[in-house]
Amino acid sequence: MAAEPITSATPRTPVLGCRISRALEPSAVQGEFMTSRVNWVVQSSAVDYLHLLLVAMKWLLEEFAIDGRLCINIHDEVRYLVRGEDRYRAALALQVASLLTRCMFSCKLGLSDLPQSVAFFSAVDIDQCLRKEVTMDCKTPSNPIGMERRYGIPQGDVGDI
C-alpha cells in the first residue's frame, strides 16, 4: 500500500487522490527521481490533511455558531481569530476537526483503529496575541518588562483532551 502512490501509472495521494505532476509520472521518468516522488507523496498528503482539517473546522464553526475564522496557517500551525467567549468551544472544535481528519486518513489507508494517542492534538494554544509559546511573557530587548506588565496581556492557556 505504501508504495502504490509512488509506483502506480498515475500516482495520487492516498486520501484526496491528488495527482503528481505529469513530469514525475513513471511513464516520463521510469524509475528515476524516486526521492522526489516519495517526498511528493509525503508533502502532498500533509496538504491533504491541512485541507481536510480546515474544511472540518469551517463546518464545525458554522454548525455550532462559534464566532471565529482562520487567520493564518504556517507549516504545521493553524491560527484562528475567535471571539473571547467562544475560545474554549473553538479549541474543542479544532480537536474534533483533527479527530475527523485523522479518522478519514486511517479509513482511506485501510486502518480500522485509531489510537487515542494520535487522535487529538497534544494541545491547543489559546491566547490574545501571537507569540511563540502562550505561557511565555515575551521579554525582549525592546520590551524588557514583558507583555503582562507593559500591555496588560496575561499569559495564554493551553487546552488538551
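Draft legend 1. Expanded view of the overall build of the protein chain. Scanning the protein chain from N- to C-terminus turns up six helices and four strands. Scanning the protein chain from its N terminus toward the C terminus, one meets helices and strands in the order α-α-α-β-β-α-α-β-α-β. Relative to the 2.2 N^0.38 estimate, which gives 15 Å for 161 residues, the radius of gyration of the protein chain is 20 Å and therefore markedly larger than a compact globule would have. Along the three orthogonal principal directions, the C-alpha set of the protein chain runs to about 65 × 40 × 25 Å. When the 161 residues of the protein chain are sorted by exposure, 30% land in the buried category. Restricting the contact set of the protein chain to residue pairs at least 6 apart, pairs at least 24 apart contribute 49%. The centroid of the 17 positive side-chain charges in the protein chain is displaced by 5 Å from the centroid of its 19 negative side-chain charges.

Draft legend 2. Molecular detail of the packing of helix α3 (residues 34-63) against helix α4 (residues 87-108). The N-to-C vectors of α3 and α4 enclose an angle of 135°; their axes lie 8 Å apart at closest approach. Considered as vectors, α3 and α4 are oriented oblique to each other. Relative to α4, the crossing made by α3 is right-handed. Residues Ser45, Asp48, Tyr49, Leu52, Leu53, Ala56, Met57, Trp59 and Leu60 of α3 form the contact with α4, whose own contacting residues are Ala90, Ala93, Leu94, Val96, Ala97, Ser98, Leu100, Thr101, Arg102, Met104 and Phe105. Residue composition of the contact of α3 with α4, grouped by class: 15 nonpolar, three polar and two charged.

Reading the values: rules and limits
Residues numbered from 1 in each chain as written. Predicted model: local features only at pLDDT ≥ 70, side-chain atom pairs only at ≥ 80, totals over all residues. Heavy atoms only, no water. Helix = DSSP H or I, 4+ residues; strand = E, 2+ residues; numbered from the N terminus. Rg over C-alpha atoms; globule rule 2.2 N^0.38 Å. Buried < 20%, exposed > 50% of the residue type's maximum accessible area, 1.4 Å probe, protein only. Contact = heavy atoms within 4.5 Å. Lys, Arg positive; Asp, Glu negative; His and termini not counted. Charge placed at Lys NZ, Arg CZ, Asp CG, Glu CD. Axes fitted to C-alpha atoms, helices over the stretch in contact; angles between N-to-C directions. Parallel < 35°, antiparallel > 145°, perpendicular 65-115°, else oblique. Left-handed = near helix turned anticlockwise from the far one by under 90°. Nonpolar A, V, L, I, M, F, W, Y, C, P; charged D, E, K, R; others polar.

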